[in-house]
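Secondary and tertiary structure notes
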Amino acid sequence: MAGVQVIPVMIPQLGEEEAQAAAEAIRSGWVAQGPRVARFETEFAAVVGAGHGVAVSSCTTGLHLALVLLDIKPGDEVIVPSLSFIATANAVRYVGATPVFADVELATGNVTVETIDAVRTDRTRAVIAVHQGGVPFDTAALRKATDGWGIGLVEDAACAAGSTVYGAPAGTGAKVAAWSFHPRKLITTGEGGMVTVDDPAFATRLKRLREHGMNVSAADRHASKQPVLEAYLETAYNYRMTDIQAAVGLVQLGRLPGLVAQRRELAARYQELLADIDGLVPVRDPAYGQTNYQSFWVLLDGFRVSRDEVLTELAARGVSARRGIMAAHLEPAYEGVTTAPLPVTERITRESLILPLHHQLTEENQNHIVGVLRELASR
Ligand SMILES: *Cc1c(COP(=O)(O)O)cnc(C)c1O
């Protein structure tokens, strides 16, 4: 579009510090998983209130390992929200188990004890609950319920770095949580992920699972003055993060508090500007926590114009908004999977959109975006 400057939906905040950190890792000669990964694991775990961090190649591979860790097998059912990035459901299929879709609540886009209980069977072995778009699910309620049912709870915290639940960082107290450092999330390593746990035995097993089932890491083997003969204890994976990525991640981690504060300010401003437009309901903090606003979504509730028309109109005016969070059960990859009715999931995925929110978004940008919406509302 000539002359129209496009406002992107998201921009990662990357600076000279990240470039230098990556260059230093390269100059050090150690580019595979090494000391920077170890430091990133320790520092990230501390930030999210977990005992241990195990860096992996993505949140998707982290979710896979979390299910291996919980010994989920073919024949088992794992309850997941359909309303999530498709990786959440796919991870269940990686271990040969069956994803069973639970509906979500309208306000948070998250599964609840009730929506999980509605699809629970005697084959249900675990739940993957998502802190959707950064909005935390009710950890106290879900942890208590899954413990009571005797099933596992994996927390898909891909989007949740910097969110809080019951006054503590999201991830605190999780049996196992998986995080993403894709550029669409708050902090990035290009690609990358982390699994956090409290149990040191879980951490040891996860470190083995991400590195071919080896009982000693390649980094430790190379660092040792004595020859170390590794053993391969089980069939596992190569899901390692590189030291180049971890070097970038360490710098990004320092930016996290500022990024969250700025996103929350911009989100509050959106909420204020949108308040008097009929038919638009912006996402908000739940009663028990605070979102990092990884995704600032707006639900159309009796708006005059359809969601897809709104997206088209915004695009024509230089605003790169996005459709709302996807629903896996509506995708060809999950065609033919029978599922309970998911009315709220379908409503959110069809009738919401995600507005631009990033560190370069200006007040004029916000005024322009809301101005387009206001105009559409009065058509
Ligand atoms: C982004 C995302 C993932 C996948 O993260 P990757 O690091 O890209 O594998 C998984 N789950 C949710 C909810 C996500 O938003």
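In this text the structure is predicted, and so the values were computed from the model without any measurement. (Residues numbered from 1 in each chain as written. Predicted model: local features only at pLDDT ≥ 70, side-chain atom pairs only at ≥ 80, totals over all residues. Heavy atoms only, no water.)

For the protein chain, the count of helices and strands is 12 helices and 14 strands. The globule rule puts the C-alpha radius of gyration for 379 residues at 21 Å, and the 21 Å found for the protein chain is close to it. Counting only C-alpha atoms, the protein chain reaches 75 × 55 × 40 Å along its principal axes. Expressed as a percentage of its 379 residues, the buried residues of the protein chain come to 54%. Long-range pairs, those at least 24 residues apart, make up 73% of the contacts in the protein chain with a sequence separation of at least 6. As displayed, the protein chain offers around 16000 Å² of accessible surface, 53% of which is attributable to carbon and sulfur atoms. Side-chain charges of the protein chain comprise 34 positive and 42 negative groups, with the mean position of each set lying 3 Å from the other. (Helix = DSSP H or I, 4+ residues; strand = E, 2+ residues; numbered from the N terminus. Rg over C-alpha atoms; globule rule 2.2 N^0.38 Å. Buried < 20%, exposed > 50% of the residue type's maximum accessible area, 1.4 Å probe, protein only. Contact = heavy atoms within 4.5 Å. Areas by Shrake-Rupley, 256 points an atom, 1.4 Å probe, with all protein chains shown as cover. Lys, Arg positive; Asp, Glu negative; His and termini not counted. Charge placed at Lys NZ, Arg CZ, Asp CG, Glu CD.)

Turning to the site of the ligand, a few remarks are in order. Taken together, 15 residues lie near the ligand, and Cys-59, Thr-60, Asp-156, Ser-180 and Lys-185 sit nearest. Between Cys-59 and the ligand, the recorded distance is 2.9 Å, taken from a backbone N or O atom to an oxygen atom. Within the side chain of Thr-60, a nitrogen or oxygen atom sits 2.5 Å from an oxygen atom of the ligand. Notes on the ligand: free accessible area 390 Å², of which the protein chains cover 92%. Put simply, the parts of the chain that give the shell around the ligand at least two residues each are helix H3 (59-69) and helix H4 (87-94). Classifying every residue of the shell around the ligand gives 6 nonpolar, 7 polar and 2 charged. (Near = heavy atom within 4 Å. Polar contact = N/O pair within 3.5 Å; in protein donor to acceptor, adjacent residues only side chain to side chain. Nonpolar A, V, L, I, M, F, W, Y, C, P; charged D, E, K, R; others polar.)

The mixed open sheet is built from 7 strands, whose spatial order is S1-S9-S8-S5-S4-S2-S3. Two strands bound the open sheet, and with one partner strand each, they are strand S1 (52-56) and strand S3 (98-102). Ignoring which end each strand starts from, the neighbouring axes of this sheet average 25° apart. The pairing of strand S4 (residues 124-130) with strand S5 (residues 152-156) spans 5 bridges and is parallel. (Pairing = 2+ DSSP bridges. Axes fitted to C-alpha atoms, helices over the stretch in contact; angles between N-to-C directions.)

What follows concerns the packing of aromatic side chains. Taken as a whole and judged by the stated rule, the model has 9 aromatic pairs. A ring pair is formed by Phe-44 and Phe-181, whose centres lie 5.3 Å apart and whose planes are at 85°; its orientation type is edge-to-face. Of the two residues, Phe-44 sits in helix H2 (residues 35-47) while Phe-181 sits in the loop between strand S8 (176-180) and strand S9 (193-197), which places them 137 residues apart along the sequence. On the accessibility criterion, Phe-181 (1% relative accessible area) is buried. Seen in terms of ring centroids, Tyr-293 and Phe-296 are 5.7 Å apart; in terms of plane orientation they differ by 45°. Their pairing is tilted. On the basis of relative accessible area, Phe-296 is assigned to the buried category, the value being 1%. Taken together, the ring pairs connect Phe-40, Phe-44, Trp-179 and Phe-181 into an aromatic cluster. (Phe/Tyr/Trp six-rings, centres within 6.5 Å; stacked < 30°, edge-to-face > 60°.)

The subject of this paragraph is the domain arrangement of the protein chain. Under the domain assignment used here, the protein chain contains domain 1 (16-254) and domain 2 (256-377). Each of domain 1 and domain 2 has a C-alpha centre, and these two points are 26 Å apart. Counting from both sides, the interface comprises 42 residues of domain 1 and, opposite them, 37 residues of domain 2. On the domain 1 side of the interface with domain 2, the three residues burying the most area are Phe-101, Leu-106 and Leu-186, jointly 20% of the side's total. For the pair domain 1 and domain 2, the number of links is 0 salt bridges. At the junction of domain 1 with domain 2, the criterion picks out 22 residue pairs in polar contact (both at pLDDT 80 or more). At the level of secondary structure, the elements contributing two or more residues to the side of domain 1 that touches domain 2 comprise H4, S3, strand S6 (164-165) and helix H9 (243-274). (Domains from an automatic or database assignment. Buried area = accessible area lost by both parts, 1.4 Å probe. Salt bridge = Lys/Arg side-chain N within 4 Å of Asp/Glu carboxyl O.)

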